[in-house]
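# Working through the structure, step by step
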Amino acid sequence: MELLEKKIQKDGIVKAGNVLKVDHFLNHQMDIALFNEMGKEFKRLFADRPVNKILTIEASGIGIACIAAQYFQVPVVFAKKAQSINIDGEVYSTKIESFTHKRVYDVIVSRKCLGPEDHILIIDDFLANGCAVNGLLELIESAGASVEGIGIVIEKGQQMGGKLLREKGYHVESLAIIEHMDEKTGEICFRH
Ligand code: 5GP
C-alpha cells in the first residue's frame, strides 16, 4: 500500500535489534486518515471471506482493528494480556512472547467472546516472528472457531513469521512488507 510505505519512509525510525519505531502514526499517536485507508484496504483484500468477527491483541492492534471493523461491520475482540495466571475456566488462554518487550505474557479471551460459530479475521500492527499471531491462532483453535484470514499492517519480511503462516495455508495480507532495513543509514526497502 503506497500511502503506508510513504508514511513509513517519512516517519519510521529504524532502531537497534531490527525494531521499526512508528510511534508517530501507528503505535502511539495514530493517524486516523491513514487508518481509514488501511481499514478500507483490508476490506478489499478479504472481501470474499465470511468474516463475522475481528480478533486482535492489546494494545497496538486495537485501533486499526476498530477502524477496519467499520468496513466489515463486525465486532472486535481483543485478547488481553493477563496480569496474573488466575485462569478460572471462563477464558481461553495461551502464552505469547513479546518481540519488543522480550517477555512472555499470559493472554486470554473470554469464552463469551469467541465460539465455534465465529469466522475470524486476525488483525495486528506488526508481524515479525509470528508469536503474537500464533498465540491468537491457538485461542481461535481452542474456541473451535474458523480463521478467515490474517491482516497485518507492517510485516518484517526478514523474519520468518509470515513465511511460516503462508506455508501452513493461511491467507496472510500485509499492507507493507519490509525487505530490508538498516539501523545505521535508516534506509528501509519494501518487498513488492
Ligand atoms: P511477533 O510476535 O510476530 O514476533 O511480533 C509481533 C508483535 O511484536 C506485534 O504485535 C508488535 O507489537 C511487536 N513488534 C514486532 N516487531 C516490531 C517492530 O519492529 N516495531 C514495533 N513497534 N513493534 C514490533
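See the structure shown above.
Just so we're clear, the structure is a prediction, and the values are computed from it rather than from any experiment.

### Focus on the nonpolar core
- Counting 33 residues, the largest nonpolar core has Leu 20 and Ile 54 as the members making the most contacts within it.
- Among the secondary structure elements, those contributing two or more residues to this core are helix H1 (2-11), helix H2 (23-27), helix H3 (32-45), helix H4 (60-72), strand E7 (119-127), strand E8 (146-156), strand E9 (172-181) and strand E10 (188-190).
- If one sorts the elements of this core by residue count, H4 sits on top with six residues.
- Discounting chain neighbours no more than four positions away, the residues touching Ile 54 are Ala 65, Ala 68, Ala 69, Phe 72, Val 74, Pro 75, Val 76, Val 77, Leu 121 and Ile 123.

### Topic: the site of the ligand
- The environment of the ligand is made up of 16 residues, and the closest members are Leu 20, Ala 128, Asn 129, Gly 130 and Ala 132.
- A distance of 3.1 Å separates an oxygen atom of the ligand from a polar atom in the backbone of Cys 131.
- Between the ligand and Ala 132 there is a distance of 2.8 Å, counted from an oxygen atom to a backbone nitrogen or oxygen.
- Out of a free accessible area of 500 Å², the ligand has 90% covered by protein chains.
- For the shell around the ligand, the secondary-structure elements that each account for two or more residues are strand E2 (19-21), E7 and helix H5 (131-143).
- The biggest single contributor to the shell around the ligand is E7, with four residues.
- For the shell around the ligand, the residue count by class is eight nonpolar, five polar and three charged.

Rules behind the numbers
Residues numbered from 1 in each chain as written. Predicted model: local features only at pLDDT ≥ 70, side-chain atom pairs only at ≥ 80, totals over all residues. Heavy atoms only, no water. Core = buried A, V, L, I, M, F, W, Y, C linked by side-chain atoms within 4.5 Å. Buried < 20%, exposed > 50% of the residue type's maximum accessible area, 1.4 Å probe, protein only. Helix = DSSP H or I, 4+ residues; strand = E, 2+ residues; numbered from the N terminus. Contact = heavy atoms within 4.5 Å. Near = heavy atom within 4 Å. Polar contact = N/O pair within 3.5 Å; in protein donor to acceptor, adjacent residues only side chain to side chain. Areas by Shrake-Rupley, 256 points an atom, 1.4 Å probe, with all protein chains shown as cover. Nonpolar A, V, L, I, M, F, W, Y, C, P; charged D, E, K, R; others polar.

Shape is all these values report; function is a separate question.
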